[in-house]
Amino acid sequence: MSKEKQHFETLAVRTQTEKTQFLEHATPMYLTSGFVFEDAEEMRASFAEEKERNLYSRFSNPNTSEFVDKVCKLEGAEAGYAFATGMAAVFSTFAALLDAGDHIVSARSVFGSTHSLFTKYFPKWNIETSYFHVNEIDKVESLIQPNTKIIYAESPTNPGVDILDLELLGEIAKKHNLLLVIDNCFATPYLQNPIQFGADLVIHSATKLIDGQGRVLGGVTVGKKELIREIYLFSRNTGPALSPFNAWVLSKSLETLAVRVEKHCENALKLAQFLEEHPKVNWVKYPFLASHPQYRVAKKQMRLGGNIVAFEVKGGVSGGETFFNSIKMCSLSANLGDTRTIVTHPASTTHSKLNDQDKQAVGITNGMVRCSVGLEHIDDIIADLDQALREL
Ligand SMILES: *Cc1c(COP(=O)(O)O)cnc(C)c1O
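The following refers to the structure shown. (Residues numbered from 1 in each chain as written. Predicted model: local features only at pLDDT ≥ 70, side-chain atom pairs only at ≥ 80, totals over all residues. Heavy atoms only, no water.)

Glancing now at the nonpolar core. Within the largest apolar cluster, 77 residues are counted, with the highest numbers of intra-cluster contacts made by Phe67, Phe311 and Phe323. For this core, the element with the most residues is helix H11 (residues 257–276), which contributes 8 residues. Lining this core are residues from two domains, each supplying at least three of them: domain 1 (7–254) and domain 2 (258–389). In terms of nonpolar packing, the next biggest core, distinct from the first, is built from 29 residues, Phe94, Leu98, Phe118 and Val181 among them. (Core = buried A, V, L, I, M, F, W, Y, C linked by side-chain atoms within 4.5 Å. Buried < 20%, exposed > 50% of the residue type's maximum accessible area, 1.4 Å probe, protein only. Helix = DSSP H or I, 4+ residues; strand = E, 2+ residues; numbered from the N terminus. Domains from an automatic or database assignment.)

As a further point, take the site of the ligand. By nearness alone, 13 residues border the ligand, and Gly86, Met87, Asp183, Thr207 and Lys208 come closest of all. In the model, an oxygen atom of the ligand is placed 2.6 Å from a nitrogen or oxygen of the threonine 207 side chain. Contact between the ligand and lysine 208: an oxygen atom at 2.7 Å from a side-chain N or O atom of the residue. Relative to its unbound accessible surface of 380 Å², the ligand loses 91% to contact with the protein. When its residues are assigned to classes, the shell around the ligand shows 4 nonpolar, 6 polar and 3 charged. (Near = heavy atom within 4 Å. Polar contact = N/O pair within 3.5 Å; in protein donor to acceptor, adjacent residues only side chain to side chain. Areas by Shrake-Rupley, 256 points an atom, 1.4 Å probe, with all protein chains shown as cover. Nonpolar A, V, L, I, M, F, W, Y, C, P; charged D, E, K, R; others polar.)

Attention now moves to helix H9 (residues 225–238). Since the α-helix packs 3.6 residues into each turn, any two residues three or four apart lie on the same face. The first and last C-alpha atoms of H9 sit 20 Å apart over 14 residues, in line with the 20 Å expected at 1.5 Å per residue. Regarding H9, the residues found buried are Leu227, Ile228, Ile231, Tyr232, Ser235 and Arg236. The buried residues of H9 occupy one face: seen down the axis, they fall within an arc of 165 degrees. Considering only its buried residues, H9 is in contact with helix H2 (40–47), strand S1 (79–83), helix H4 (86–97), strand S5 (179–183), strand S6 (201–205) and strand S7 (219–223). Backbone geometry just after H9 places glycine 239 at a positive phi near 85 degrees. (Expected span 1.5 Å × (residues − 1). Arc of directions from axis to C-beta. Contact = heavy atoms within 4.5 Å.)

Here is the structure:
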C-alpha cells in the first residue's frame, strides 16, 4: 500500500523515525542537546546545509522531527516546525513572515494571548491589525489594504465556538494574493484540515487535544515549504523550539488522537443536547447542534463538532458564581482538551484582558461558561453540571 493511500489513524500510528540500533518498537527519547560529526568536513557540510542531518536540538531533533512529520501527514502539509507552546508557534509565525509596516486582517474572535499580540506588541513594530466579526466574512475584502500580508482566523473560535467558512477565506486570500493562516487548535487535524480549503499555514497549540491529557505544552506550525523555511530560520535563531521530551509525549499522543477525539465529540454533543433543554440555561452553542448559527458551514468543513460547548447560565454574574462554586467533579481550570472535563468562566479568566466592548464583540457574556468536555462517562458529566445548575 502506498503511503499516500493510508488513512488518518494509520498515519498517526505508523509515522516513526527510522529504525535504530536496538530496533525498539516504540520510538526512543533522544534527550540530547547536540549531535556529533565524523570529521571536520561533515561538520562544515552540515552547517552549510549541504547535508540534511541533526546538528543541535534548537534546530531539529529526531523526536521533534517525528512529531512534525506526523502533523504534516495528518494536515496534508509539506513541512513544519515544532514550538515549546502554541503561543510560541503563533508569535514566531507572524514574526518570521511580517515586516515593520505590514498589516493583518483577523477575525475579532481569537485566543486571548493572540489578541494581546495584535493589540499590545505588534504595534511596537508598526504592524497593525483590522478585525472582522465572525458573522461578517463579507467584510473581509473591504479591510484589505496595500500592505496587508496575512488573513488570520480560528475555527471553531475560542471561547464562543463560532465557525468561519474556511473555503470562503481561502478564496479571498487567493484572490488578493495574501497568506491565510488558520489556528486549528479546537478542531485538531482529525476534525478539519484547513490546507484543503486554501490555508497556507496551520497552527496548533499541541497543549490541548493533541496531547489530550493535560501533561505537556507544545505548538506546531505546518504548511507551504517556502514559508516554513522562513519560520525555521527565524526560530533557529530565536529559540522557541519544542523540547525533545515533550515532542516524544506529543507524538505518542497523536497515535490515539482519532479515538480520543471521536469520544470527546460524542460526549460533547450529548452534553450540548442536554443543556439545550435545561431550564437554567439561556443558550447553548455547539457546532453540530442544528441551532448553531453556522451549523451548515460546520457540517461542510468538520468531521464532528469538537469538544467545546459554550453556554450561558441564568442569573448573570451571580448565577455564574453560584454555578462554578457548585461544581463537584468537573475541574475549574483554564486549560482545555484534557481527559478531564473542565469548566471555565472566560469573562473573568482567559479573556479578562478584553475591555467590555471587545468582550461583547466576541460574544462573551458574564454568565457564559466554556466547557471542555472530557472522557469521563457522559452520565457523570451531565449529573455534575445538572446539580450545579439546580443551585441557581
Ligand atoms: C491554548 C491556545 C493557544 C495557545 O497555546 P499554548 O500552548 O497555551 O501556548 C492558541 N490558540 C488557541 C485557539 C488556544 O486554545
